[in-house]
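Residue-level listing of the chains:
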Amino acid sequence: MSIKVLALLIAALSGVTMAVQGSLNSALGKIIGLLETTFIVNLVGLVLVGILLFVFSLGGGNWQHYAGVPWYFYLGGVLGVAITYGVVKSIPSLGVAVATTAIIVGQVLTAALIDHLGLFGLERIPFNWYRVAGTLLMASGSWLLLKK
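Computed from a predicted model, the values in this text were never measured in an experiment.

*Asks:* Honestly, the overall build of the protein in this entry has me stumped. Any pointers?
*Replies:* A count of helical and extended segments in the protein gives 5 helices and 0 strands. Start at the N end of the protein and walk to the C end: the helices and strands fall as α-α-α-α-α. Overall size of the protein, expressed as C-alpha extent along the three principal axes, is 50 × 45 × 35 Å. Counting over 148 residues, the protein shows a buried share of 16%. Sequence-distant contacts, at least 24 apart, represent 59% of the contacts inside the protein between residues at least 6 apart.

See below:
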C-alpha cells in the first residue's frame, strides 16, 4: 500500500472519529453544559496523551527544541478548545451531517489558503480551478444537506 493511500485512509478515519466525537460531545454538552464539556473533553485528551508519553514512552519527538519553536505554533491548544466549543455548539442546532459538512468546507477553504501561501513552513501548493471547483461542490453539498 502506498504512503498516500495510507495517509488518505488515516485522514478518512479521522473524519469518522470527528463525527462520532462531535455527537458524543454534543450529547454530553446537553447534560453538563457547553464550557464544562469543552473542559472535560480537553482534560481527558490531556490525560490520555500524558499516559502515552510518560507511561508508555510513545513520543518520538525532542522536548529540547520547545524553546526554539515560534510562539504561534503553540496556539493549537487554544484552537483545539475553540474547535471543541464550536462543534458542541453547532451540532444540536444543525445536526451532525450539516455541521460536519460545514466544518469540512471551512477546513478545506482554510487549508487551500494555507497551501497557496505556503504558511507555517509548508510547501506552497497554488490554488487552481480544480480546487475552486471541488470547494464549490463541497459547499453545494453542504447547502443540499440543509434542505428538508
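*Asks:* Help me understand unusual backbone geometry, please; the structure alone is not making it clear to me.
*Replies:* Of all residues except glycine, most have a negative phi; of all peptide bonds, most are trans. The backbone of Ser57 sits at a positive phi, close to 50°, despite the residue not being glycine. In this fold, Ser57 is placed in the loop between helix H2 (34-55) and helix H3 (76-94). Not every positive phi belongs to a glycine, and Phe120 is a case in point at roughly 60°. On the secondary structure map, Phe120 appears in the loop between helix H4 (96-117) and helix H5 (129-146).

*Asks:* For this particular structure, what's the right way to read H4?
*Replies:* Structurally, the α-helix is built with 3.6 residues per turn, so residues lying three or four positions apart point the same way. The terminal C-alpha atoms of H4 lie 31 Å apart, and with 22 residues this matches the ideal 32 Å at 1.5 Å per residue to within 8%. Of the positions making up H4, those classed as buried are Val98, Ala99, Thr100, Thr101, Val105 and Ala112. On its buried face, H4 sits against H3 and H5. Phi turns positive one or two residues past the end of H4, at Gly118, with a value near 65°.

*Asks:* Help me understand the packing of aromatic side chains, please; the structure alone is not making it clear to me.
*Replies:* Here the distance between the centres and the angle between the planes together describe a pair of aromatic rings. This structure, assessed with the given rule, holds 5 aromatic pairs. Ring centres of Phe54 and Trp63 lie 6.2 Å apart, and the angle between their planes is 15°; this geometry places the pair in the stacked category. Summarising the burial analysis for this pair, Phe54 and Trp63 share the class exposed.

*Asks:* Any chance you could explain H3 here in plain terms?
*Replies:* In this model, H3 (19 residues) spans 26 Å end to end at C-alpha, consistent with the 27 Å of a helix rising 1.5 Å per residue. Along H3, the residues that are buried comprise Thr84, Val87, Val88, Ser90 and Ile91. Of the surrounding secondary structure, the elements contacted by the buried residues of H3 are helix H1 (3-32), H2 and H4. Downstream of H3 by a residue or two, Gly95 has a phi angle that is positive, lying close to 95°.

*Asks:* Which parts of the structure should I look at to understand the environment of Asn128?
*Replies:* Take Asn128: it is sitting in the loop between H4 and H5. Residues Asn128 and Ala112, spaced 16 residues apart in sequence, show a C-alpha to C-alpha distance of 9.6 Å.

*Asks:* I'm lost on the side chain of Thr101 in this one. Help?
*Replies:* Within the element layout of this structure, Thr101 appears in helix H4. Its relative accessible area of 18% is what places Thr101 among the buried residues. Among all residues touching Thr101, those that are not within four sequence positions of it are Met138, Gly141, Ser142 and Leu145.

*Asks:* Would you take a moment to explain the confidence of the model for the protein for this structure?
*Replies:* Keep in mind that low pLDDT regions are not for reading the predicted coordinates in detail. Chain-level pLDDT for the protein is 90 on average; 100% of the residues reach the 70-or-more range. Within the protein, H2 carries the highest mean pLDDT (96), whereas H5 carries the lowest (83).

Analysis parameters
As a convention, each chain's residues are numbered from 1 in the sequence order in which they are written. A pLDDT threshold of at least 70 governs which residues receive local features in this predicted model, and a stricter bar of 80 or more applies before side-chain atom pairs are shown or counted, although totals over entire chains, interfaces and linings include all residues. Excluded from the side-chain calculations are hydrogens and water; all other atoms, namely the structure's heavy atoms, are used. Put simply, DSSP H or I for four residues or longer makes a helix, DSSP E for two residues or longer makes a strand, and each gets a number counted from the N terminus. Remark: exposure states derive from per-residue accessible area (1.4 Å probe, protein chains only) relative to the maximum for the residue type, with buried under 20%, exposed over 50%, and partly exposed in between. Whether two residues are in contact is decided by their heavy atoms: any pair within 4.5 Å suffices. An expected span of 1.5 Å times one less than the residue number is assigned to each helix. Here a Phe, Tyr or Trp ring, Trp counted by its six-membered ring, pairs with any other such ring whose centre lies within 6.5 Å, and the pair is stacked when the planes are under 30 degrees apart, edge-to-face when over 60, and tilted otherwise. On a range of 0 to 100, pLDDT expresses the predictor's confidence in each residue.

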